[in-house]
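Fold and contact review
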Amino acid sequence: MARIISGITSTGKLTLGNYLGAINNFLKLQEKHELLIFVANLHGLTLPIKAQALKENIRDIAAWYFAAGIMPNKTHIFIQSDVLAHTQLGYVLLCNSYVGELERMTQYKDKSQKMTNQNKTISIPTGILAYPTLMAADILLYDADFVPVGIDQTQHLELTKTLATRMNNTYKTQLFKVPKIIVDQQAQKIMSLQDPTKKMSKSDDNLKNTIFLSDNKQEVTDKITKAVTDSENIIKFDPQRKPGVSNLLTIYASITNKNIKTCEQYFSNHNYGFLKKEVIKVINNLLEPMQKKQQALINEKLSQLVEYLQQGAAFANKIATKKLNFVENIIGINFIEKEK
Ligand code: AQP
């Protein structure tokens, strides 16, 4: 059975983008693969965050995974920092990367541009530069066959493949399996509601840009009703010329599991008001049952949630520790070989 690893960063509350770009894919994959899914809490430290907010984000993301339908008897869910090998291998990979290749990452460029302080000096946390090397460790520790990601993460995945190949060549040993990338072509990228040329992101300061999985019916209605479209009133999928309308069509198609062409036809004789009403309906139908389950896990079944996560971490630790020992032996970090 092919092994798959993926995670979501605890930088904020989960968005519809995280669900449609990542979690929805996990649900399909768990049926036929060995799936390891983690809450990327170490990546959650890359931008300044209050301790209480970070704690809540970690707990909430873990609960969303299960509430969305990821099954603890099929899939191994864990918290990244519960498996120490991630940071250890992350450092090894950092030492095998180049500053130039990390600086070329689009996500680094975007995030660092926003780091201008009030006095116009720039303080860019090193963590956002090093992020892709820790992400590479997250993947390479498990000899994953596939890594399912949203299209926005493909550049980081390419770097993971580069680092794996580089280290395999440097040490003339198959240290790491070079993973394949799976991008859900249908889900693509879910865009910001007010600026549909930008990705919908959980750390976006403008709350109107984002549908959170925790949004209630009224919040969903308000945000979708005010989502930016254009003045043509023609429902057509054309991300270049009509990014707002195309984004609404993508959301509708992803949730209903239909292809974009079918949705275009369905909406062809309707106006934007109708499109928005339909989008609101499918989002609320998706979120309501999930929210009930997520709240029940947090408020009534927290000890069960913790137990699932401990089981997931125990499973992940076995694989990760073995891999780390193997890598450390080959690169010469221990003068007495560690157990294989
Ligand atoms: N808007 C999106 N559309 C499609 N997929 C998305 N993902 C995130 N946003 C969208 C996918 O969700 C997974 C987990 O992402 P992450 O939280 O680890 O990192 P991210 O891509 O940086 O997500 P955010 O929400 O944009 O977080 P912040 O604001 O912290 O940067 C990935 O598979 C990602 O592709």
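Residues numbered from 1 in each chain as written. Predicted model: local features only at pLDDT ≥ 70, side-chain atom pairs only at ≥ 80, totals over all residues. Heavy atoms only, no water.

1. Some thoughts on the domain arrangement of the chain
Heads up, the rule is: Where each domain begins and ends is defined by an automated method or by a domain database. Residue contacts follow a heavy-atom distance rule, with two residues in contact if any of their heavy atoms lie within 4.5 Å. Accessible area, probed at 1.4 Å, shrinks when two parts are joined; the buried area is that loss added up over both.
Here the chain is described as being made up of domain 1 (3-183 + 302-331) and domain 2 (207-297). Of note, the centres of domain 1 and domain 2, computed from C-alpha atoms alone, are 29 Å apart. The interface is formed by 16 residues belonging to domain 1 together with 15 residues belonging to domain 2. Together domain 1 and domain 2 conceal approximately 1600 Å² of surface at their shared face, both sides included; 75% is due to carbon and sulfur atoms.

2. Brief notes about helix H7 (residues 154-170)
What counts here: Under the DSSP-based scheme used, a helix requires at least four consecutive residues in state H or I and a strand at least two consecutive residues in state E, with every element numbered from the N terminus. A helix is expected to span 1.5 Å for every residue after the first. Three exposure classes are used, based on accessible area relative to the maximum for each residue type with a 1.4 Å probe and protein chains only: buried under 20%, partly exposed in between, and exposed over 50%.
In this model, H7 (17 residues) spans 24 Å end to end at C-alpha, consistent with the 24 Å of a helix rising 1.5 Å per residue. For H7, the complete set of buried residues consists of His156, Leu157, Leu159, Thr160, Leu163, Ala164, Arg166, Met167 and Asn168. Once H7 ends, the next one or two residues include Lys172, with phi positive near 45 degrees.

3. Here's the deal with the pairing of strand E1 (residues 3-9)
Condition: Here, any two strands with at least 2 DSSP bridges between them count as paired. Looking down the strands as they point away from the viewer, one classifies a crossover as right-handed if the path from the first strand across the helix to the second runs clockwise.
Of all the seven residues making up E1, six are buried; the element is thus mostly covered by neighbouring parts of the structure. As paired elements, E1 and strand E2 (residues 34-40) share seven bridges and run parallel to each other. By the bridge assignment, Ser6 is partnered in E2 with Ile37. A crossover links E1 with its parallel partner E2, the connecting element being helix H1 (residues 16-29), and its sense is right-handed.

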